[in-house]
Amino acid sequence: MAENLVKKADGFEQPGQNIGRFEEIDKKVAELQAQIESLSRETPENKLSIIAFSGDLDKALASLIIATGAVAMGMDVVMFFTFWGTPLLRDGKKKVRGKDIMGKMFGKMLPKGAGKPKLSKMNMGGMGTAMMKSLMEKKNVASLEELLNLAGELGVRIFICEMSMDLMGFKREEMVDYPGLSYAGVATFLEEAKNSKVQLFI
Amino acid sequence: MSEELRSDKVMDLKGLPCPMPVVKVSKGIKEVEIGQVVEAVTSDPGALADFPAWARTSGNEILKTEQSDGVIKFYIKRNA
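Quick caveat, the model's predicted, so the values are computed rather than measured.

### Overview of helix H6 (residues 144-154) of chain A
Phase 1: Among the residues of H6 of chain A, Leu144, Leu147, Leu148, Leu150, Ala151, Gly152 and Leu154 of chain A are the ones counted as buried.
Phase 2: Where H6 of chain A is buried, its residues touch helix H3 (57-72) and strand S3 (157-161) of chain A together with helix H1 (20-28) of chain B.
Phase 3: Following H6 of chain A by one or two positions, Gly155 of chain A has its phi on the positive side, about 85 degrees.

Quick look at the structure:
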């Protein structure tokens, strides 16, 4: 105790040295603050980012089950529908005009909405898919449309790849009414994915 | 000997497969106060693994698990 006092007293006798010390500490604190800030910027959030690439019934089911399950686990969920996943978000009841010939062709050949995709395996000219769907109904497994509605209710955010839309000639007017549906590109996905603890490509 | 658990809300989730039991219970538990207990009844065998995983992740607590005749009953205390 007495020793400490002596030390303190010594310190007061050399104010110049102390000011130098304080400056040093200030600098260190500022450095640490900057480091903490960059760390918290880099720390992933409790978030799941899914790229819904596949237009197959089975894979789309998987991504929507994981998405809705993740919300239940308390995660923030973002889905990016791109390429073959894009047509799953078309609304079968909406009609649009003014497509060019390629757009019309793609429009006809790709599934129009979440009720239309086929299984990736054992489709057997549609028979396999029909069997799977009736089995799902019998076993009370939610359909793709139901899961999509549920995802909307739960606040799963959905982005659609603008480039896929353009490539396949889809128009925004023919897409489903999904809460907060928006259109974006790769940078939007990467920004979300970078801050997500889990990222999936399905 | 063991005290009978009292629940503040009962959820019948029988017949619902994955992901519905967990999705519904995560919604349902928000309807009771923190500290109250939800009794969730499911017929999904996967729930035996899924409910504890969900509880650990969401910060809630499974007080008791009962199994009988293909039905699983969870008593879940809302902690979060």
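### Re the pairing of strand S1 (residues 9-13) of chain B
All names here are of chain B.
Phase 1: Bridge count for S1 against strand S2 (residues 37-42) is five bridges, and the pairing is parallel. Within S2, the position partnered with Leu13 by the bridge is Thr42.
Phase 2: For the crossover that starts at S1, traverses H1 and ends in the parallel S2, the hand is right-handed.

### A word on empty space enclosed by the protein
Residues and elements named next belong to chain A.
Phase 1: Scanning the model with the defined rule gives one cavity of 30 Å³ or more in all.
Phase 2: Looking at the largest cavity, its volume works out to about 30 Å³.
Phase 3: Ala60, Leu64, Phe81, Leu88, Leu89, Ala114, Leu144 and Leu148 are the residues that line the largest cavity.
Phase 4: Mapped by element, the contributors of at least two residues to the lining of the largest cavity are H3 and H6.
Phase 5: Among the residues making up the lining of the largest cavity, the classes are represented as eight nonpolar, no polar and no charged.

### Things to note about the pairing of strand S4 (residues 71-77) of chain B
All names here are of chain B.
Phase 1: For S2 and S4, the ladder comprises six bridges, and the chain directions are antiparallel. Looking across to S4, one finds that Val38 is bridged to Ile76.
Phase 2: For strand S3 (residues 61-68) and S4, the ladder comprises seven bridges, and the chain directions are antiparallel. Looking at S4, one finds that Ile62 is bridged to Ile76.
Phase 3: Remark: two residues form the turn of the hairpin made by S3 and S4, two consecutive strands paired antiparallel; Asp69 in that turn has positive phi of roughly 50 degrees.

### Points about the sheet that holds strand S5 (residues 196-201) of chain A
Residues and elements named next belong to chain A.
Phase 1: Reading across from one edge, S4-S3-S2-S1-S5 is the order of the five strands in this open sheet, with parallel pairing throughout. The open sheet terminates on both sides in strands that have one partner only, identified here as strand S4 (182-184) and S5. The average angle at which neighbouring strand axes cross in this sheet is 25 degrees, direction not considered.
Phase 2: Each of strand S1 (45-52), strand S2 (76-81) and S5 is contacted by H3, which is oriented at about 165 degrees to S1, the strand it contacts most.

### Comments concerning the side chain of Arg90 of chain A
All names here are of chain A.
Phase 1: Following the sequence through the fold, Arg90 ends up in the loop between S2 and helix H4 (101-109).
Phase 2: Under the relative-accessibility criterion, Arg90 is labelled buried at 2%.
Phase 3: Here the side chain of Arg90 touches Pro111 through a polar contact of 3.2 Å, landing on its backbone oxygen.
Phase 4: Each residue touching Arg90, except ones within four places of it in the same chain, is listed here: Lys99, Gly107, Leu110, Pro111, Lys112, Gly113, Ala114, Phe170, Glu174, Met175 and Val176.

Conventions adopted
Residues numbered from 1 in each chain as written. Chains lettered and ligands numbered in written order. Predicted model: local features only at pLDDT ≥ 70, side-chain atom pairs only at ≥ 80, totals over all residues. Heavy atoms only, no water. Buried < 20%, exposed > 50% of the residue type's maximum accessible area, 1.4 Å probe, protein only. Helix = DSSP H or I, 4+ residues; strand = E, 2+ residues; numbered from the N terminus. Contact = heavy atoms within 4.5 Å. Pairing = 2+ DSSP bridges. Right-handed = clockwise from strand over helix to strand, strands pointing away. 1 Å grid on protein atoms, 1.4 Å probe; cavity = no way out; pocket = protein on both sides within 12 Å on 5 of 7 lines; lining within 4 Å. Points joined across faces, edges and corners; volume = space filled by probe spheres on them. Nonpolar A, V, L, I, M, F, W, Y, C, P; charged D, E, K, R; others polar. Axes fitted to C-alpha atoms, helices over the stretch in contact; angles between N-to-C directions. Polar contact = N/O pair within 3.5 Å; in protein donor to acceptor, adjacent residues only side chain to side chain.

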